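# A closer look at the structure
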Amino acid sequence: MPYKNRKSTYVYFVLIFVFIKVVLNLFAISHFGFHRDEFLHLVLADHLDWGYKEVPPFIAILAKISITCFGNSVFAARLFPTLFGGLIVLLTGLIVIEFGGKKFAITLACLSLIFAPALVATQYLFQPVVFDQFWWVITVWLLIKYLNTTDVRYLYWLGAAVGLGILTKYTMLFFAASLIIGILISKQRKLLFNKHILGAALISIIIVLPNLIWQITHHMPVFTHMKALREQQLDYITPTDFIKQQLLVNGIALFVWLNGLAFLIFSFRLRNFQFLALAYALIFFFLLMMDGKSYYIFGAYPMLFAAGAFGFERLLKTNGYVLRTALVVLFTLPNALLLPILLPILPMNQTLAFFRFADKHLPPARFSMTWEDGKKHATTQDYADMLGWDDMASLVDKAYKSLSPEDQKQTIVYADNYGEAGALHHYGKQYGYPDVISLNSSFTLWAPDSLKCKYLIYVDENGGKNIKEFVEGKMIGSFTKVGEVTNPLAREKGTAVFIITPNYRLNQRYSPELAKKRLE
């Protein structure tokens, strides 16, 4: 089929799979509650800037648009992830078309992506991950479109995509570098030697420049964040763990993307796109050496699904409808059975029943119930991170309302971690207690210079251990425990809320710690 006719023939067919993706997300969109990371990203809408300690500013802009246009509900927050997840499916189908694939290849690629555990679990929460994946996939599509058409406009759009990708998550820098090196190694190196590439690079630089200036003026917190992440989490990820995770995270669709990797390297039909396989290998080994988290590379799998599906279509071009249908079912149905573990499509009671069933009858699913503490729990860690926040906010409201109107004017709220602080900020608009203070994460950027108050409502993530330290250090006068999170499924179970009367010693500890964290 001539190239010019492919898109018009197949694009509406791709939209069928976009619809399936969006509908699946909509089934799950309001179940359970906000995830702790979602709270942090939504808070940024009230503190718009060109950068933050953990993330670039793109997620904050989306949060502002989301809250302004759709409100503060869980449903509203997850509309953008659902939209971008659908766009990733659309682009994957379009990449298949650019490779020369037809309906079978589109079907296999899109369904592999839709049900791949790694992408199911990361494409419904309001986090930078799904948006990061989108920029990776659209970057690949734009490169392929340029190679197929030689239309330089795609290069300039590519520059914008890379720039916006960096403003979403800094992993785009690694992916862009891997693509450049891959192109230089491949026979497509001439692609980089024209003036339009310089124009595209200039667009990327202009887009990223405000964030770079912000990083410099704030002492490059990206490096401090990466150092802390490495010390607290990444050092526990071994190269063997990373390799195992990449082989497991896409479930049975592993065989689709492995076939795609092989076809990109060895197939004559995809020889012009060999640099994509080289780019995947480069970023894979970079993250392997840097002890990177498994999800950092998830954005590369859609292009491999597209190539793998095209490869199967070529291998089975003389076979009938029955064999092709059987192949699609084989590479999607096992993953589809895992959906309730990865996407909250069922109410809580049915979800827990499914976890019990999976624990007994689906051994490969047990790894999802193992948290960062290395122990097996009743649900996944992500699900546990969506529970208990409204109870915590209710306890803070109870503490605040227990004080007289005069004392309330001299009261502040403090939380230990960003999840607690984000949740209390969110629910504070409903309850009316003072906005929360925290020295964790980006909350240090807008924390007050000192704790001047008569009463402090303190959320202790350690269930009272920090209170004991305050008492021993003579930093508080009296304290009263209001209650604690009791939901047995919540990661915040045991987090306690106290009313304390601080003295000057607590402020002597707070102010230097704030100053130190602002420099980090």
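Residues numbered from 1 in each chain as written. Predicted model: local features only at pLDDT ≥ 70, side-chain atom pairs only at ≥ 80, totals over all residues. Heavy atoms only, no water.

## Here's the deal with the packing of aromatic side chains
Any pair of aromatic rings gets described here by the distance separating the centres and the angle formed by the planes. Counted according to the given criterion, the structure contains 35 aromatic pairs. The interplanar angle of 45° and the centroid separation of 6.3 Å between the aromatic rings of Phe 354 and Phe 357 together place this pair among those described as tilted. Of the two residues, Phe 354 and Phe 357 are both situated in helix α19 (residues 348-361); the distance of three residues between them amounts to about one turn of the helix. Geometrically, the ring pair formed by Tyr 414 and Tyr 458 is tilted, given 5.9 Å between the ring centres and 35° between the ring planes. Of the two residues, Tyr 414 sits in strand β1 (residues 411-415) while Tyr 458 sits in strand β3 (residues 455-460), which places them 44 residues apart along the sequence. Among the aromatic residues, ring-to-ring pairing joins Phe 58, Phe 70, Phe 80, Phe 84, Phe 126, Phe 131, Phe 134 and Trp 135 into one connected group. Lying over the aromatic face of Phe 13, Lys 103 brings its terminal NZ or CZ to 5.3 Å of the ring centre. (Phe/Tyr/Trp six-rings, centres within 6.5 Å; stacked < 30°, edge-to-face > 60°. Helix = DSSP H or I, 4+ residues; strand = E, 2+ residues; numbered from the N terminus. Lys NZ or Arg CZ within 6 Å of the ring centre and 35° of its normal.)

## Brief notes about the side chain of Asp 407
Here Asp 407 shows up in helix α22 (residues 405-408). With near-sequence residues (within four places) excluded, Asp 407 lies in contact with Lys 454 and Tyr 455. (Contact = heavy atoms within 4.5 Å.)

## Details of the pattern of salt bridges
For the coordinates displayed, the defined rule picks out 14 salt bridges. Of the charged contacts, one joins Asp 385 and Arg 491 as a salt bridge, the two residues approaching to 3.0 Å between their closest N and O atoms. Here Arg 491 lies in the loop between β4 (476-484) and β5 (496-502) and Asp 385 lies in the loop between α20 (381-384) and α21 (389-401), a separation of 106 residues in the sequence. Taking the shortest distance from any N to any O, the salt bridge between Asp 397 and Lys 401 comes out at 3.2 Å. With Asp 397 and Lys 401 both in helix α21, this residue pair falls four residues apart, about one helical turn. When its relative accessible area of 7% is taken as the criterion, Asp 397 is described as buried. Under the relative-accessibility criterion, Lys 401 is labelled exposed at 54%. (Salt bridge = Lys/Arg side-chain N within 4 Å of Asp/Glu carboxyl O. Buried < 20%, exposed > 50% of the residue type's maximum accessible area, 1.4 Å probe, protein only.)

## Quick look at a positive patch on the surface
A cluster of basic residues, Lys 102, Lys 187, Arg 269, Arg 271 and Lys 317, forms a positive patch at the surface. For Lys 187, a relative accessible area of 74% puts it in the exposed group. (Patch = residues over 30% accessible without salt bridge, like charges linked within 9 Å, V, L, I, M, F, W, Y side chains within 5 Å. Areas by Shrake-Rupley, 256 points an atom, 1.4 Å probe, with all protein chains shown as cover. Lys, Arg positive; Asp, Glu negative; His and termini not counted. Charge placed at Lys NZ, Arg CZ, Asp CG, Glu CD.)

## As for the nonpolar core
Counting 162 residues, the largest nonpolar core has Phe 99, Leu 276, Tyr 280 and Leu 424 as the members making the most contacts within it. For this core, the leading source of residues is helix α8 (residues 128-149), giving 13 residues. Ranked by size, the runner-up nonpolar core spans 19 residues in total, among them Leu 456, Phe 498, Leu 506 and Tyr 510. (Core = buried A, V, L, I, M, F, W, Y, C linked by side-chain atoms within 4.5 Å.)

## Let's talk about unusual backbone geometry
Positive phi, normally seen in glycine, also occurs at Thr 150, with a value near 55°. Positionally, Thr 150 belongs in the loop between α8 and α9 (153-166). Phi at Met 220 is positive, roughly 50°, even though this residue is not glycine. On the secondary structure map, Met 220 appears in the loop between α11 (195-217) and α12 (221-232). Residue Met 220 is classed as partly exposed on the basis of its relative accessible area, which comes to 24%.

## Some details on the pairing of β1
Most of β1 sits out of view: five of its five residues are buried. The alternating pattern of β1 places Thr 411, Val 413 and Ala 415 on one face and Ile 412 and Tyr 414 on the opposite face, and all of these are buried. As defined by bridge partners, β1 adjoins strand β2 (residues 436-437) across two bridges and the pair is classed as parallel. Note on β2: the bridge partner recorded for Val 413 is Val 436. What joins β1 to β2 is helix α23 (residues 418-431), and the crossover it makes is right-handed. (Pairing = 2+ DSSP bridges. Right-handed = clockwise from strand over helix to strand, strands pointing away.)

## Describing the sheet that holds β4
The five strands are arranged β2-β1-β3-β5-β4 in an open sheet whose pairing can be described as mixed. Bordering the open sheet on either side are β2 and β4, each of which pairs with just one other strand. Looking at chain direction, β3 and β5 are connected through five bridges and run antiparallel. Among the inter-strand pairings, Tyr 458 is bridged to a residue of β5, identified as Phe 498. Packed on one face of the sheet, helix α25 (residues 504-519) meets β1, β2, β3, β4 and β5 and runs near 110° to β5. (Axes fitted to C-alpha atoms, helices over the stretch in contact; angles between N-to-C directions.)

## So, a nonpolar patch on the surface
On the surface, Leu 173, Phe 174, Phe 286, Met 289 and Met 290 cluster together into a nonpolar patch covering about 480 Å² of accessible area. Relative accessible area serves as the criterion here: at 34%, Phe 174 is assigned to the partly exposed category.

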